[in-house]
Amino acid sequence: MYSAVAQRLVQILTLKAGPQDLPSSHGLLQFSAAAFLLFAVLRLLTVASLWESLAQAILSLIVLVFFLRALLQWRNTPERLTQTMTALLLSSAFIGALLLFPLRALQPVLLAVAENPQLNPADLQVPAGAAYAWAGLSIWGIIVSGHIYRHALGVSLGIGVAVTLIYEFLLVGIVGLLSGLS
């Protein structure tokens, strides 16, 4: 089964298959959620403590569940939740794993900016290759998520990408709001 899932994931990542092509399995969904959380925490550890990273990763999963459930209810297709959530989590975990490499190279820059937000960008020694890799992988992730939303919601790729960006802005807003409360 996992070989078939890996093949489908590659097809989803190359925009040749959609979430409906994955098995509707709660076990696979749980595995996907665990992989998502693992790689989200590893990425966040580049700039935050373990507890902050874990809290933010769990928060992003919770927000995604509510966001996706609301979208599918709105489109009258709640039965697509398991496969769509699995596709979003698996693709995010895979791309998130790849993002670890450029993030490690960018870590000194990210920490410097986190410590001093007023820092002049011209004063930073940003590794260009890592920055381009991070940007490329991030854009690929947005397109893949948009592709998944396209299939799940029956909309165009452009609308799917817009939905992805709405989720990202919503998550950043919620994290910012909660960070301001502590």
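See above for the structure.
Bear in mind the structure is a predicted one, so any value in this text is a computation, not a measurement.

**Thoughts on the packing of aromatic side chains**
To describe a pair of aromatic rings, you give the distance between the ring centres and the angle between the ring planes.
Okay, so step 1: Within this structure, the stated rule accounts for three aromatic pairs.
Okay, so step 2: One aromatic cluster is present, formed by Phe67, Tyr149 and Tyr167 through successive ring pairs.

**Considering a nonpolar patch on the surface**
Okay, so step 1: Taken together, the side chains of Leu50, Trp51, Leu54, Ile58, Ile62 and Phe66 make up a nonpolar region of the molecular surface, amounting to roughly 640 Å² of accessible area.
Okay, so step 2: With a relative accessible area of 59%, Phe66 lands in the exposed category.

**A closer look at helix α3 (residues 50-74)**
Okay, so step 1: If you check α3, its first and last C-alpha atoms are 36 Å apart, about what 25 residues at 1.5 Å a residue would give, namely 36 Å.
Okay, so step 2: The complete set of buried residues in α3 reads Ser53, Ala57, Leu59, Ser60, Leu61, Val63, Leu64, Phe67, Leu68, Leu71 and Leu72.
Okay, so step 3: Positive phi shows up at Asn76, right after α3, with a value of about 60°.

**Side note on the packing of α3 against helix α6 (residues 157-181)**
Angle between the axes and distance between the axes: these two values describe a pair of packed helices.
Okay, so step 1: At a closest axis distance of 10 Å, the pairing of α3 and α6 adopts a crossing angle of 135°. One element, α3, and the other, α6, form an angle in the oblique class. For the pair α3 and α6, the sense of crossing is right-handed. Contacts from Gln56, Leu59, Ser60, Val63, Leu64, Phe67 and Leu71 in α3 reach Val163, Ile166, Tyr167, Leu170, Leu171, Ile174, Val175 and Leu178 in α6.

**Concerning the packing of α3 against helix α5 (residues 128-153)**
Okay, so step 1: Contact geometry of α3 with α5 gives a least axis separation of 10 Å together with a crossing angle of 35°. With respect to the hand of their crossing, α3 and α5 are arranged in right-handed fashion. Two secondary-structure elements touch here, α3 through Leu64, Phe67, Leu68, Leu71 and Leu72 and α5 through Tyr149, Ala152 and Leu153.
Okay, so step 2: In the contact of α3 with α5, the residues fall into eight nonpolar, no polar and no charged.

Criteria and cut-off values
- Residues numbered from 1 in each chain as written.
- Predicted model: local features only at pLDDT ≥ 70, side-chain atom pairs only at ≥ 80, totals over all residues.
- Heavy atoms only, no water.
- Phe/Tyr/Trp six-rings, centres within 6.5 Å; stacked < 30°, edge-to-face > 60°.
- Patch = residues over 30% accessible without salt bridge, like charges linked within 9 Å, V, L, I, M, F, W, Y side chains within 5 Å.
- Areas by Shrake-Rupley, 256 points an atom, 1.4 Å probe, with all protein chains shown as cover.
- Salt bridge = Lys/Arg side-chain N within 4 Å of Asp/Glu carboxyl O.
- Buried < 20%, exposed > 50% of the residue type's maximum accessible area, 1.4 Å probe, protein only.
- Helix = DSSP H or I, 4+ residues; strand = E, 2+ residues; numbered from the N terminus.
- Expected span 1.5 Å × (residues − 1).
- Axes fitted to C-alpha atoms, helices over the stretch in contact; angles between N-to-C directions.
- Parallel < 35°, antiparallel > 145°, perpendicular 65-115°, else oblique.
- Left-handed = near helix turned anticlockwise from the far one by under 90°.
- Contact = heavy atoms within 4.5 Å.
- Nonpolar A, V, L, I, M, F, W, Y, C, P; charged D, E, K, R; others polar.

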